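Residues per chain, in single letters:
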Amino acid sequence: MTIDIFDPTSSPERSSIEFVPRPKNLEKLRVGLVDNSKYNSKALLLRIADRLNSRYGIEIGHTVTKTSPGHPVSEIAIAALKEKVNFTVAGIGD
Amino acid sequence: MGTDSEPADLERTAALIESFFERGWTDGLPVVPPCRSTVEAMLQAGGLKPSDTAGEIQTRNIRITADKVAINAVMAGCLPSYMPVILSAVKGLCNPEFGYHGFATSTGGASVAIIINGPMTQELGINCADNAFGPGFRANLTIGRAIRLLMMNAINTRPGKLDRSTLGSPAKIALCFAENERLSPWPPLHVERGFAAELSTTTLFACESIIQIYNQLSSRPEALLLGMADAMANMGSMNIIGQPQMVVVFAGEHTEIFRKCNWTKEAVREFLFEQARRSVADLKQAGRLPGEITPDDAAAFRHPVQDPKDIIVVCAGGNAGSFSAILTGWGSIKATRSVTTPIIVP
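Fair warning: this is a prediction, and the values are worked out from it, not measured in the lab.

(A) Focus on the overall build of chain B. Summing up its helical and strand segments, chain B has 13 helices and 11 strands in all. Across its three principal directions, the C-alpha atoms of chain B cover 80 × 45 × 40 Å. Taken over 346 residues, chain B has a buried fraction of 49%. Contacts in chain B between residues at least 24 apart in sequence constitute 80% of all its contacts with a sequence separation of at least 6.

Given below as structure tokens:
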């Protein structure tokens, strides 16, 4: 005798992501900072940016502060990052 | 064939229940194994086809289909008549205002409090009185449980994976109750929020914790609310920093005090807002705010909510006993807001 088992689970819908090619050289690039609004996120990100500047001459091109840690980065913010920076560092804090 | 002592179908059912545990599909409690007839009955009660979309959570690339809602509802032990309530709660869960990804993943361990209003509460026997938060009522426990099972199974919100609660709480299994609209001297929550009294609704709230408030001797609202305000200003809660909404629940004996003294919900909110506060000095000393304590900090105050309107006032609980409760909020007012959704019966 067979028994049908009803599966209560589902998975996220797959979407394809195209990765931007990695820069061959970090010298003088522009970095974007995405602050998730937790305590110390901004402090951590600025410290990282400072080190990137010391080592590679990288400047901060744009900063974004999320509405909350659980919110996605807005489309407007993503568009600004695409325009103004070569890569982004997103920070956790706490 | 069964053994000499057990019929074969009982043994098969027991094996099926065990297989759901083995697959990791339960909340830690045995589930009701779904079958074709029970899943179809659930879908029919919701007026949906299996592939219909019940909700979407875009931050997780998740589309919740009606069949998954039905299956998890059966597993929770729901009756088909509960399906419209569950579908309303799923819409609330998926409402961007509710901010699913934050509270559901957080180490903060929020439960989903479901407050139900309107005539369906009586039609379905959703408890609003004695043991409003507790055991004993099928509708309350299974509706709440269905939502949690759906979260775990269909939105992958599993402990240790995308549910990183440090401690969690028993309320995460189920926290679902009806507002006691007969007891209440005030307009019910859904009417306050613009819905007709004859409509039924679910209101979802990301609840950090439940704190019971005991006060036997107060005969005036001010005295009663002072104790409640003290608990609201708890230095260890998320509210005092992030200032999410908060729910205050008044039960029978306490509700009578407001009725006798003609206090409105607005008066309750204003008083609680004024009284519930902690000094910045205290919060810095307790490490809840950063920085050194300055001379001005003792006279600077922080409230557990940003605005009196963020205090949600409802009546629930039994007629006897000098108890009320606060449901503290998760996260912050930017991260999540309670959402009220109509219940639609097809």
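(B) Just the overall build of chain A, in detail. For chain A, the helix and strand inventory stands at two helices and three strands. Tracing chain A from N to C terminus, the helices and strands come up as β-α-β-α-β. Out of the 94 residues in chain A, the part that is buried amounts to 17%. In chain A, once contacts between residues fewer than 6 apart in sequence are set aside, the share between residues at least 24 apart is 77%.

(C) Just the sheet that holds strand β3 (residues 87–91) of chain A, in detail. All names here are of chain A. On the basis of which strands lie adjacent, the open sheet formed by three strands has the order β2-β1-β3 and parallel pairing. Each of the sheet's edge strands pairs with one partner strand only, and the pair in question is β2 (59–65) and β3. The mean inter-strand angle of the sheet, taken between neighbouring strand axes irrespective of direction, is 20°. Where strand β1 (residues 30–35) lies against β3, five bridges are found, and the strand directions are parallel.

(D) Region of interest: helix α3 (residues 66–76) of chain B. Residues and elements named next belong to chain B. Of all 11 residues in α3, 11 are buried, a share of seventy percent or more. Among all positions in α3, only Ala66, Asp67, Lys68, Val69, Ala70, Ile71, Asn72, Ala73, Val74, Met75 and Ala76 are buried. Positive backbone phi, at 100°, marks Gly77, one or two positions downstream of α3.

(E) Local environment of the packing of helix α4 (residues 83–94) of chain B against helix α7 (residues 138–154) of chain B. All names here are of chain B. The contact between α4 and α7 brings their axes to 10 Å, and the two run at 45°. The angle between α4 and α7 falls in the class oblique. In this structure, the crossing between α4 and α7 has a hand that is right-handed. When α4 is examined against α7, the residues Val85, Ile86, Ala89, Val90 and Leu93 are found in contact with a partner set consisting of Ile143, Ala146, Ile147 and Leu150. Counted by class, the contact of α4 with α7 contains nine nonpolar, no polar and no charged residues.

(F) Layout of α7 of chain B. Residue and element names in this part refer to chain B. The end-to-end C-alpha distance of α7, which contains 17 residues, comes to 23 Å, matching closely the 24 Å that a straight helix rising 1.5 Å per residue would cover. Most of α7 sits out of view: 16 of its 17 residues are buried. Positive backbone phi, at 55°, marks Asn156, one or two positions downstream of α7.

(G) Representation of the nonpolar core in the model. Residues and elements named next belong to chain B. One finds Ala73, Ile86, Ile114 and Leu272 to be the most contacted residues of the largest nonpolar core, which totals 102 residues. Ranked by the residues each element gives to this core, the list is headed by α7, at 10 residues. Discounting chain neighbours no more than four positions away, the residues touching Ala73 are Met42, Cys78, Tyr82, Met83, Ile86 and Ala146.

(H) Representation of the pairing of strand β2 (residues 62–65) of chain B. The pairing of strand β1 (residues 53–57) of chain B with β2 of chain B spans four bridges and is classified as antiparallel. Looking at the pairing, Ile57 of chain B lines up with Ile62 of chain B of β2 of chain B.

(I) Local environment of the confidence of the model for chain B. Per-residue confidence for chain B gives a mean pLDDT of 96, with 98% of residues at or over 70. Here the prediction assigns the complex a pTM of 0.95, and the interface score ipTM is 0.88.

(J) Highlighting the interface of chain A and chain B. Of the residues lining the interface, 16 residues belong to chain A; the matching set on chain B comes to 27 residues. Residue composition of the side of chain A that touches chain B, grouped by class: seven nonpolar, seven polar and two charged.

(K) Region of interest: the environment of Arg278 of chain B. Residues and elements named next belong to chain B. For Arg278, the location among the structural elements is in strand β7 (residues 278–279). Taking the C-beta count within 10 Å as the criterion, Arg278 has 19 such neighbours and is therefore assigned partly exposed. Among all residues touching Arg278, those that are not within four sequence positions of it are Ala233, Met235, Ile240, Leu283, Phe301 and Arg302.

(L) Quick look at the environment of Arg288 of chain B. All names here are of chain B. Relative to the helices and strands, Arg288 resides in the loop between α13 (280–285) and β8 (301–302). Placed 92 residues apart in sequence, Arg288 and Ala196 show a C-alpha to C-alpha distance of 42 Å. If we skip the residues at most four places from it in the chain, Arg288 touches Met235, Ile240, Ile241 and Leu283.

(M) Inspection of the packing of helix α2 (residues 36–46) of chain B against α4 of chain B at higher detail. All names here are of chain B. One can describe the packing of α2 onto α4 by two numbers: an axis separation of 8 Å at closest approach and a directional angle of 70°. With respect to their mutual orientation, α2 and α4 come out roughly perpendicular. Residues Met42, Ala45 and Gly46 of α2 pack against Met83, Pro84 and Leu87 of α4. Class assignment of the residues belonging to the contact of α2 with α4 gives a composition of five nonpolar, one polar and no charged.

(N) Fine view of the pairing of strand β5 (residues 201–214) of chain B. Residue and element names in this part refer to chain B. Within β5, 10 of the 14 residues are buried, which leaves it mostly tucked inside the rest of the structure. Bridge analysis of strand β3 (residues 111–117) against β5 gives seven bridges, and the strand direction is antiparallel. Residue pairing across strands places Ile114 opposite Leu204, the latter belonging to β5. Sheet topology note: the β5/strand β11 (residues 339–342) ladder contains four bridges and is antiparallel. Paired with Thr203 across the strands is Thr340, a residue of β11.

(O) The environment of Trp263 of chain B, seen in detail. Residue and element names in this part refer to chain B. Mapped onto the elements of the fold, Trp263 is located in the loop between α11 (252–260) and α12 (265–275). As a C-alpha pair, Trp263 and Pro185 span 78 residues in sequence and 9.1 Å in three-dimensional space. When neighbours within four sequence positions are excluded, Trp263 is seen to be in contact with Pro221, Phe258 and Val268.

Reading the values: rules and limits
Residues numbered from 1 in each chain as written. Chains lettered and ligands numbered in written order. Predicted model: local features only at pLDDT ≥ 70, side-chain atom pairs only at ≥ 80, totals over all residues. Helix = DSSP H or I, 4+ residues; strand = E, 2+ residues; numbered from the N terminus. Buried ≥ 20, exposed ≤ 12 C-beta atoms within 10 Å, placed from the backbone. Contact = placed C-beta atoms within 7 Å. Pairing = 2+ DSSP bridges. Axes fitted to C-alpha atoms, helices over the stretch in contact; angles between N-to-C directions. Parallel < 35°, antiparallel > 145°, perpendicular 65-115°, else oblique. Left-handed = near helix turned anticlockwise from the far one by under 90°. Nonpolar A, V, L, I, M, F, W, Y, C, P; charged D, E, K, R; others polar. Expected span 1.5 Å × (residues − 1). Core = buried A, V, L, I, M, F, W, Y, C linked by C-beta atoms within 7 Å. pLDDT = per-residue confidence, 0-100.

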